[in-house]
Amino acid sequence: MARSQLVLEFDRSGLHAVEVVAGRGGVRVTGSATAARPAGVPVDDPQATGAWIREVLAEAGLRGRRVLVALPRDAAAVKRPSFPAADPAELPSMVALTVQRDLPFPADAAVLDFVPLPAPVAAGGAAAAPRTEVLAAAIPREALEAVAATVAAAGRTLSGITLRSLGSAALLRRLTGPDEDAAATAGRELILDVGDRGLELLVLERGGLRFARAADLPPPAGDPAARVAAILTETRRTWMSYRVAEGADVARAAVLGPPALAEALVPELATVLGVPVRRLDPAPAAEVDPAVAARVLQSGGWPLVGLALTPPEQRLDWLHPRRTPDRRREAIRRGALVAVLVGILAGGAWSLARKELAGLRSELAALREQRSEVAGDYARLQRDIARRTHLRRWAEVDPAWLEHLARLEAAMPPTGDLVLDGVGGSLAWRGVDYDRRSREWSAPYELTFVIDGEAASRAAAESLRGAFVSTDLYRVSSTGSDGAAGRRLPVGFTWRLSTRAVAPPAAPPADSPDNATDAPAEAAP
């Protein structure tokens, strides 16, 4: 189903709008609108301009959502460079390097697009030397942004931004009959596009734009004769400028504008230019109601219809400018195609791999189920091992009190030089511990014996003390001052013996009180 499209032209003076529906059979014009800009709508305010355009379109019943915006000739810098035959992929960069040097605004703030033109034909119909000629045009980026903001404020979707002059060229190509093709190809043709707000003078060659100039005109409501005189004056200026710049003439001319004005201009222009001049009737170029066709012709809006006649790939579009192909992106695309091909070729292997994967997953599920079944048994086993280890380490702490007392008794001298008043024993133990880092069990403990006694002499007391100090079994320390008089013997003593041995060794110490020397042993403080 064909969709409608709006073609708009708006400037400081006002708005032109046509609504068209493009199909395979051509273009059908469904409506139009023309309005002067109100005094309260600033030219440099996209929001206010967009709101005003929305009101005008609503009053005219134009409902198209997609908008193609046409800019006048004086809004763009237009060039027509030519190059030796080149790779089309390299053409965007070649055009940019050539055109950006002569722009009237900074190149980094410009938006540039171009369209290739038909190849020139040499005299006699022979093909000329291979060259590529293009029509290039640039606008400031801020102009593009202002147009986009205005269309958005109007509640429409911007589909492109192009040059109004190309619409006049498209109309001429559509209206040129088969018997006129040879004349149109043989020479250049001048078109006067007369609107209600201005004038565009275009020179076409081989159906493409060769030269363009825009000029302001007096308002249509003024003196018709003054308007004709202004058009003739601007035509003479453009004609002189064109002949100086191009050094060539035109073969014929045409006037596109209000019928009465065009009829008055045709004989005058023929006299000025010295070539045949005709009035263009654009109505056959599109399917349109006669009343709408007349209204559009009177306001100068037919070039907007001509833009709708041009395929998008054959017109300038600053919203979608032509760019040098991204070689890296192309390489990525080709790599992706290769990857897809490899994937297709490996489809059989992939199917087999999926079957094997399904088998492995089933095996994994069975192993997981088996693990779940034995997980409880394993946890109970670990708990039982921990309990058994804990009990074993607990049971290991069983001091042999009698063996230690026997060792103390064995250290006593056989004579009556020593008398024990008391012997006490204690166990310092915090229970069984488990270190999670080293994963080891421990049960740290210490046995302590406190010995109170009396000796006949200090030498006898030191002899017994030396027997304990000379072994690694006990650590000996005094709990009070030795040498105080006892109740029965002259020298009293109190010693503390500490050990980590549950039981003393089976063999008696080598140094016993019987063979101990009289030298005092070193005691722990």
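Here the structure is a predicted model, which means the values were calculated and not measured. Per chain, the residues get numbers from 1 upward, laid out in the order the sequence is written. Whole-chain, interface and lining totals are the exception, using all residues; otherwise, since this is a predicted model, local features are given only for residues with pLDDT of at least 70 and side-chain atom pairs are given and counted only at 80 or more. For side-chain calculations, the full set of non-hydrogen atoms in the structure is used, while hydrogens and water are omitted.

Colleague: Outline the overall build of the protein chain, supporting the account with residue identities and numerical values.
Modeller: The numbering of helices and of strands both runs from the N terminus, where a helix is a DSSP run of H or I of at least 4 residues and a strand a run of E of at least 2. Each helix and strand in the protein chain was counted, giving 13 helices and 21 strands. Only protein chains enter the accessibility calculation, which uses a 1.4 Å probe; a residue whose area is less than 20% of its type maximum is buried, one above 50% is exposed, and one in between is partly exposed. Considering the protein chain as a whole, with its 525 residues, one finds that 40% of them fall into the buried category.

Colleague: Describe in detail the packing of aromatic side chains, supporting the description with residues and values.
Modeller: Stacked, edge-to-face and tilted labels apply to pairs of Phe, Tyr and Trp rings (six-membered ring for Trp) whose centres lie within 6.5 Å, assigned for plane angles under 30 degrees, over 60, and everything in between, in that order. Within this structure, the stated rule accounts for eight aromatic pairs. Ring plane angle 85 degrees and centroid distance 6.2 Å describe the contact between Phe468 and Tyr474, whose orientation is recorded as edge-to-face. Overall, Phe468 belongs to the buried group, its relative accessible area being 3%. Three or more aromatic residues link up through ring pairs in this structure, and these residues are Trp401, Phe449, Phe468 and Tyr474. Arg322 extends its terminal NZ or CZ atom over the ring of Phe114, reaching a point 5.9 Å from the ring centre. Cation placement over rings: the criterion is NZ of Lys or CZ of Arg within 6 Å of the ring centroid and within 35° of the ring normal.

Colleague: Would you mind going over the sheet that holds strand E19 (residues 445-455) in detail, with residue names and values included?
Modeller: One bridge is not enough; two strands pair if DSSP finds at least two bridges between them. Reading across the sheet, the four strands line up as E16-E19-E21-E20 and stay open at both edges, with antiparallel pairing between neighbours. The open sheet has two edge strands, strand E16 (418-429) and strand E20 (475-478), and neither has a second partner. The mean angle between the axes of side-by-side strands here comes to 20 degrees, regardless of whether they run parallel or antiparallel. By the bridge criterion, nine bridges tie E19 to strand E21 (residues 491-499) in an arrangement that is antiparallel. For helices, the axis comes from a line fit to the C-alpha atoms of the stretch in contact; other axes are also lines fit to C-alpha atoms, and the angle between any two N-to-C directions lies between 0 and 180 degrees.

Colleague: Give me the lowdown on the sheet that holds strand E10 (residues 189-194), citing residues and values where you can.
Modeller: In spatial order, the strands read E12-E11-E10-E13-E14; together these five strands make up an open sheet with mixed pairing. Of all strands in the sheet, those with a lone pairing partner are strand E12 (208-216) and strand E14 (277-279), marking the two edges. Along the sheet, successive strands turn relative to each other by an average axial angle of 20 degrees, direction set aside. One ladder, built from three bridges, connects strand E13 (residues 252-256) with E14; its direction is parallel. Residue pairing in the sheet places Val255 in a bridge with Arg279 of E14.

Colleague: Account for the nonpolar core, naming residues and giving values.
Modeller: Counting residues in each nonpolar core, the largest one holds 65 residues, and the members touching the most others are Leu8 and Trp318. Looking at this core element by element, the count peaks at six residues for helix H9 (residues 302-309). Only heavy atoms matter for contacts: two residues are in contact if any of them lie within 4.5 Å across the pair. Those residues within four positions of Leu8 in sequence are excluded, and the remaining contacts are Leu15, His16, Ala17, Ile53, Leu57, Val67, Leu68, Val69 and Ala70. The definition of a nonpolar core used throughout is a set of buried Ala, Val, Leu, Ile, Met, Phe, Trp, Tyr and Cys residues joined through side-chain atoms within 4.5 Å. Core analysis: the next-biggest nonpolar cluster, separate from the first, contains 25 residues, Leu199, Tyr242, Ala262 and Leu265 among them.

Colleague: How would you summarise the pattern of salt bridges if you had to cite specific residues and measurements?
Modeller: Here, a salt bridge means any Lys or Arg side-chain nitrogen found within 4 Å of an Asp or Glu carboxyl oxygen. Tallied over the full model, the rule gives 19 salt bridges. Linking Glu263 and Arg279 is a salt bridge whose minimum nitrogen-to-oxygen distance equals 3.0 Å. On the criterion of sequence distance, the pair formed by Glu263 in helix H7 (residues 259-273) and Arg279 in strand E14 is long-range, its members being 16 residues apart. Overall, Arg279 belongs to the partly exposed group, its relative accessible area being 31%. Through salt bridges that share partners, Arg80, Glu133, Arg188, Glu205 and Arg210 make up one connected network.

Colleague: Give a detailed account of the pairing of E19, specifying residues and quantitative values.
Modeller: The two faces of the sheet receive side chains in turn, since in a regular strand these alternate between them. Within E19, nine of the 11 residues are buried, which leaves the element mostly enclosed by the surrounding structure. Here 11 bridges tie E16 to E19, and the two strands are oriented antiparallel to one another. Residue pairing in the sheet places Gly422 in a bridge with Asp452 of E19.

Colleague: Requested: an account of the confidence of the model for the protein chain, with residues and values cited.
Modeller: Averaged over the protein chain, the pLDDT score is 83; the fraction of residues at 70 or greater is 89%. A score between 0 and 100, pLDDT records how confident the predictor is in each residue. Ignoring residues within four places in sequence, the model shows residues 512-525, a span with pLDDT below 50, making 19 contacts including any to other chains.

Colleague: Break down unusual backbone geometry for me, with residues and values.
Modeller: Notably, Arg439 is not glycine yet its phi reads approximately 55 degrees, a positive angle. Summarising the element assignment, Arg439 is placed in the loop between strand E17 (433-435) and strand E18 (440-442). Of the residues examined, Arg439 reaches a relative accessible area of 66% and is grouped as exposed.

Colleague: Run through the packing of helix H6 (residues 224-246) against H7, naming residues and quoting values.
Modeller: Axis separation between H6 and H7 bottoms out at 10 Å; the angle between their running directions is 35 degrees. Note on packing geometry: the crossing formed by H6 with H7 is right-handed. For the pair H6 and H7, contact is made by Arg227, Val228, Ile231, Leu232, Thr235, Arg236 and Trp239 and by Leu261, Ala264, Leu265, Glu268, Leu269, Val272 and Leu273, respectively. By residue class, the composition of the contact of H6 with H7 is 10 nonpolar, one polar and three charged. Crossing handedness: left-handed means the near helix sits turned counterclockwise from the far one by under a right angle, and right-handed means the same turn made clockwise. As a working rule, the residues Ala, Val, Leu, Ile, Met, Phe, Trp, Tyr, Cys and Pro are called nonpolar, Asp, Glu, Lys and Arg charged, and the rest polar, with Gly in that last group.

Colleague: I'd like a description of the packing of helix H4 (residues 165-175) against H9, backed by residues and values.
Modeller: Two numbers describe how H4 lies on H9: the axes approach to 7 Å, and their chain directions differ by 75 degrees. Between H4 and H9, the angle falls in the class roughly perpendicular. Along the contact surface, H4 presents Leu166, Gly167, Ser168, Ala170, Leu171 and Arg174, while H9 presents Trp302, Pro303, Gly306, Leu307 and Leu309. By residue class, the composition of the contact of H4 with H9 is seven nonpolar, three polar and one charged. Any angle between 65 and 115 degrees counts as roughly perpendicular, while under 35 counts as roughly parallel, over 145 as roughly antiparallel, and the rest as oblique.

Colleague: Summarise the pairing of strand E2 (residues 14-23); cite the residues concerned and give the values.
Modeller: Across the 10 residues of E2, eight count as buried, placing the element largely inside the fold. Sheet topology places strand E1 (residues 4-10) next to E2; seven bridges connect them, and they run antiparallel. Looking at E2, one finds that Val7 is bridged to Val18. Once E1 ends, the chain turns through three residues before running back antiparallel as E2.

Colleague: Kindly report on H4, identifying the contributing residues and their values.
Modeller: Along an α-helix, residues three or four positions apart point the same way, because every turn accommodates 3.6 residues. Burial runs high along H4: nine of the 11 residues are buried. Within H4 the residues assigned to the buried category are Ser165, Leu166, Gly167, Ser168, Ala169, Ala170, Leu171, Leu172 and Leu175.

Colleague: Residues and numbers for the environment of Ala283, please.
Modeller: Checked against the element boundaries, Ala283 lands in the loop between E14 and strand E15 (287-288). For Ala283, a relative accessible area of 27% translates into the label partly exposed. Once the C-alpha coordinates of Ala283 and Trp302 are considered, the two residues, 19 residues apart in sequence, prove to be 8.8 Å apart. Once residues within four sequence positions are removed from consideration, Ala283 is found in contact with Val288 and Trp302.

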